[in-house]
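# Observations on the model geometry
The lines below spell out each chain.
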Amino acid sequence: MMLALGLDDRITAVAGNYAAYPNSIAKAAEALPVIGNSMSWPSKEVLLSQAPDLVVGQSLEGFAFDTSQGYASVEQIEEGGSQVYGSNLCSSADALNMTIETPYRTLRDFGMIFGVSERAEEFITQMEEKKQKVIDAVKDLPVQKVAFYNGGDGPLIVLAGGIYDDAIAKAGGQNVFPADSVYISKEDFAASNADVILIGTFEGQDFATLSDYITTNFPNLPAVKDGRLVEIPVADTDASISVMRGLTEIANGIHSDLNLEVPAS
């Protein structure tokens, strides 16, 4: 989000990324110093050695702030003279309340913090236009029952609640699993009666392997019978600048004849 707002020169370093940067900011991201990686955040000493004015994170408990892993807590960062900002406030509880509009709040906060509010509002307007195109396109289409599978073979991992449910609903679908679902038994998955199965992939996950597992083990699901298994890059559904890309991909997956143009990442 900061790169999208042209704040390249305000970023001292990044912890690392679990997925590739969107194409629109990939070039700018190449110049950013990296002090961690997707599986190992910067240690307390490394983070504080950067002497940042501001530290940006999502969940402010555990993960990158887990002192048992050698990371600095929010309190320790503040004691070192830095301020801390929790973007999207993505704690375990907050995640269930997230929507595809959640990034707007963070973009506006960055706009105020760095004096680029006009730029932030322009970016939000662009995101709103992309969202509205999807909503308008699906408003008269039948609601489809959707499962969002993310790997595992018993129990199965599913994406539900929060931003996932909101994107599916705005795209003309209904998640077949409760909002607090993470692990689903093979029996419950088989009983879901899903019309469409979105297969969420992270980098390194193979869509063909995941879809083969579903088609082999759940041949009686309507989605499998009709060949309606669709790959959705999970990074496109994050509460960030590419979320409307993910929304469009989900809408196209739920409604096979829709074929909306997918926004650039």
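Residues numbered from 1 in each chain as written. Predicted model: local features only at pLDDT ≥ 70, side-chain atom pairs only at ≥ 80, totals over all residues. Heavy atoms only, no water.

## A closer look at the overall build of the chain
A count of helical and extended segments in the chain gives ten helices and eight strands. A globule of 265 residues ought to have a C-alpha radius of gyration of about 18 Å, and the chain, at 20 Å, matches this closely. Every one of the 265 residues in the chain was classed for burial, and the buried ones make up 45%. Of all intrachain contacts in the chain linking residues separated by at least 6 positions in sequence, the fraction that spans at least 24 positions is 66%. Of the roughly 13,400 Å² of accessible surface on the chain, a fraction of 49% belongs to carbon and sulfur atoms. Counting 16 positive and 37 negative side-chain charges, the chain places the centres of these two groups 6 Å from one another. (Helix = DSSP H or I, 4+ residues; strand = E, 2+ residues; numbered from the N terminus. Rg over C-alpha atoms; globule rule 2.2 N^0.38 Å. Buried < 20%, exposed > 50% of the residue type's maximum accessible area, 1.4 Å probe, protein only. Contact = heavy atoms within 4.5 Å. Areas by Shrake-Rupley, 256 points an atom, 1.4 Å probe, with all protein chains shown as cover. Lys, Arg positive; Asp, Glu negative; His and termini not counted. Charge placed at Lys NZ, Arg CZ, Asp CG, Glu CD.)

## Here's the deal with the packing of aromatic side chains
Tallying each qualifying case throughout the model produces eight aromatic pairs. Between F189 and F218, the ring centres sit 4.9 Å apart and the planes meet at 50 degrees, which makes this aromatic pair tilted. Of this pair, F189 sits in helix α7 (residues 186–190) while F218 is found in the loop between α8 (207–217) and α9 (222–225), placing the two residues 29 residues apart along the sequence. The pair F189 / F218 is uniform in exposure class, with both members buried. When the ring of Y213 is compared with that of F218, the centres are 6.1 Å apart and the planes differ by 75 degrees; the resulting orientation is edge-to-face. For Y213, a relative accessible area of 16% gives the class buried. (Phe/Tyr/Trp six-rings, centres within 6.5 Å; stacked < 30°, edge-to-face > 60°.)

## A short note on the nonpolar core
Counting 45 residues, the largest nonpolar core has L5, F148, L198 and I250 as the members making the most contacts within it. For this core, the secondary-structure elements that each account for two or more residues are α1 (23–29), α4 (102–114), α5 (117–138), β3 (144–149), α6 (162–170), β7 (196–201) and α10 (243–254). Core analysis: the second largest hydrophobic core is formed by 18 residues, A147, I184, F189 and Y213 among them. (Core = buried A, V, L, I, M, F, W, Y, C linked by side-chain atoms within 4.5 Å.)

## Some thoughts on the sheet that holds strand β5 (residues 173–175)
Across the sheet, which stays open at both edges, the four strands sit in the order β5-β3-β7-β8 with parallel pairing between neighbours. Edge positions in the open sheet fall to β5 and β8 (229–233), since each of these has one partner strand only. Within this sheet the neighbouring strands show an average axis-to-axis angle of 35 degrees, counted without direction. Packing against the sheet, α10 makes contact with β3, β5, β7 and β8, and its axis sits at approximately 180 degrees to β8. (Pairing = 2+ DSSP bridges. Axes fitted to C-alpha atoms, helices over the stretch in contact; angles between N-to-C directions.)

## Some details on the packing of α5 against α10
In the contact formed by α5 and α10, the axes pass within 9 Å of each other and the chain directions differ by 15 degrees. Considering the angle they form, α5 stands roughly parallel to α10. Taken as a pair, α5 and α10 cross one another with a handedness that is left-handed. Two secondary-structure elements touch here, α5 through M127, K130, K131, V134 and V138 and α10 through V243, M244, L247, T248 and A251. Grouping the constituent residues of the contact of α5 with α10 by class yields seven nonpolar, one polar and two charged. (Parallel < 35°, antiparallel > 145°, perpendicular 65-115°, else oblique. Left-handed = near helix turned anticlockwise from the far one by under 90°. Nonpolar A, V, L, I, M, F, W, Y, C, P; charged D, E, K, R; others polar.)

## A closer look at the pairing of strand β2 (residues 83–86)
Where strand β1 (residues 54–57) lies against β2, four bridges are found, and the strand directions are parallel. Paired with V55 across the two strands is V84, which belongs to β2. The parallel pair β1 and β2, bridged by helix α3 (residues 74–79), forms a crossover whose chirality is right-handed. (Right-handed = clockwise from strand over helix to strand, strands pointing away.)

## Section: the environment of Q174
Residue position: Q174 is located in strand β5. Once the C-alpha coordinates of Q174 and K145 are considered, the two residues, 29 residues apart in sequence, prove to be 5.1 Å apart.

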